[in-house]
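Analysis of the macromolecular model
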Amino acid sequence: MQQLLKHLKFLPSATNQHGVHSPFIYGYVTKCLYRKKKYSSSKSLNVLFKSIAYFGSERIMLQDNEEELKGLINKNFPEAKFVLADADIIYLSKKNISKVETLLSAKKNIHNNTLLLLDGIYESKQSEAIWKALKNDPKVTVTVDMFYCGAVFFREEQAKEHFKIRI
């Protein structure tokens, strides 16, 4: 019930592609997030798989050897490699969201085009606090709050902006 209330509070402040004024995020929303292909019943995993396809990501970082997820990624993206550093996409599931600070403190993990995708950003007070801290992190330039998950970008050429997008 609490998740439903949080979602109802999220909806009025969220937008679709028409409320986005950043060309980079507009492209991400229209050509990636709103793409019709459905990979999974999980909205967060759908965002992950669509992002891998959209960015042509080959270096994926997961936490705790999530074998089932690796299998799904390999099934859909045979060229994907699972790495421990210098990733194109870093995915943190709900159970691993607390590891984000350690992950970001190791500079070898992220580069200008890295996408950090966090599942369950509204699942608990701790995950909400982590999401809020990430938005204020000086290395973070763009965040996309999709309620079910959050996307974090580190693009130096991008002005600091935060978006709430309905998916």
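See the structure printed just above.
Residues numbered from 1 in each chain as written. Predicted model: local features only at pLDDT ≥ 70, side-chain atom pairs only at ≥ 80, totals over all residues. Heavy atoms only, no water.

Looking at the side chain of N109
Mapped onto the elements of the fold, N109 is located in the loop between α5 (100–105) and β4 (115–119). Accessibility expressed as a relative area gives 5% for N109, which makes it buried. A polar contact is formed between the side chain of N109 and the backbone oxygen of L103, at a distance of 2.7 Å. Aside from chain neighbours lying at most four places away, what touches N109 is M61, L84, A85, D86, A87, I90, L103 and T114. (Helix = DSSP H or I, 4+ residues; strand = E, 2+ residues; numbered from the N terminus. Buried < 20%, exposed > 50% of the residue type's maximum accessible area, 1.4 Å probe, protein only. Polar contact = N/O pair within 3.5 Å; in protein donor to acceptor, adjacent residues only side chain to side chain. Contact = heavy atoms within 4.5 Å.)

Observations concerning helix α2 (residues 23–33)
Along α2, the positions that sit buried rather than exposed are F24, I25, G27, Y28, V29, C32 and L33. Tucked inside the fold, the buried residues of α2 contact α3 (43–55), β4, β5 (142–145), β6 (149–153) and β7 (161–164).

Some points on the packing of α2 against α3
In the contact formed by α2 and α3, the axes pass within 10 Å of each other and the chain directions differ by 110°. Of the possible angle classes, the one that applies to α2 and α3 is roughly perpendicular. Like other packed secondary-structure pairs, α2 and α3 cross with a definite hand, here right-handed. For the pair α2 and α3, contact is made by F24, G27, Y28, K31, C32 and L33 and by V47, K50, S51, Y54 and F55, respectively. Across the contact of α2 with α3, the residue classes tally to 7 nonpolar, 2 polar and 2 charged. (Axes fitted to C-alpha atoms, helices over the stretch in contact; angles between N-to-C directions. Parallel < 35°, antiparallel > 145°, perpendicular 65-115°, else oblique. Left-handed = near helix turned anticlockwise from the far one by under 90°. Nonpolar A, V, L, I, M, F, W, Y, C, P; charged D, E, K, R; others polar.)

Focus on the packing of aromatic side chains
Tallied over the full model, the rule gives 14 aromatic pairs. Judged by centre distance (6.1 Å) and plane angle (65°), the ring pair of F55 and F153 falls under edge-to-face. One end of the pair, F55, is in helix α3; the other, F153, is in strand β6, and 98 residues separate them in sequence. The class for F55 is partly exposed, based on a relative accessible area of 31%. Note on F153: relative accessible area 2%, which makes it buried. Connected via pairs of aromatic rings, a cluster forms that spans F24, Y28, Y54, F55 and F153. Directly above the aromatic system of F82 lies the positively charged group of K70, at a separation of 5.3 Å from the ring centroid. Its guanidinium or amino end placed over the ring of F24, R155 lies 3.7 Å from that ring's centre, counting from NZ or CZ. (Phe/Tyr/Trp six-rings, centres within 6.5 Å; stacked < 30°, edge-to-face > 60°. Lys NZ or Arg CZ within 6 Å of the ring centre and 35° of its normal.)

A few points about the nonpolar core
With 31 residues, the main nonpolar core has I25, L48, F49, I73, M146 and F153 as its most contacted residues. For this core, the secondary structure elements donating two or more residues are α2, α3, β1 (59–62), α4 (67–76), β3 (89–92), β4, β5 and β6. Of all the elements, α2 adds the most residues to this core, at 6 residues. Membership of the second largest hydrophobic core comes to 23 residues, among which are L118, I121, I130 and V140. (Core = buried A, V, L, I, M, F, W, Y, C linked by side-chain atoms within 4.5 Å.)

Quick word on unusual backbone geometry
At D86, a position not held by glycine, the phi torsion is positive, near 50°. Along the chain, D86 falls in the loop between β2 (81–82) and β3. Accessibility expressed as a relative area gives 36% for D86, which makes it partly exposed. Residues other than glycine seldom take positive phi values, yet F147 does so here, at roughly 70°.

Describing the pattern of salt bridges
A full pass over the atoms with the stated rule returns 6 salt bridges. A salt bridge links K81 to E58, with the nearest nitrogen and oxygen atoms 4.0 Å apart. Placement of the pair is K81 in strand β2 and E58 in the loop between α3 and β1, with a sequence separation of 23 residues. The exposure class assigned to K81 is partly exposed, which follows from its relative accessible area of 47%. Here the salt bridges do not stand alone but share partners, grouping R59, D86 and D88 into one network. (Salt bridge = Lys/Arg side-chain N within 4 Å of Asp/Glu carboxyl O.)

As far as function goes, none of this settles anything; it's purely spatial.
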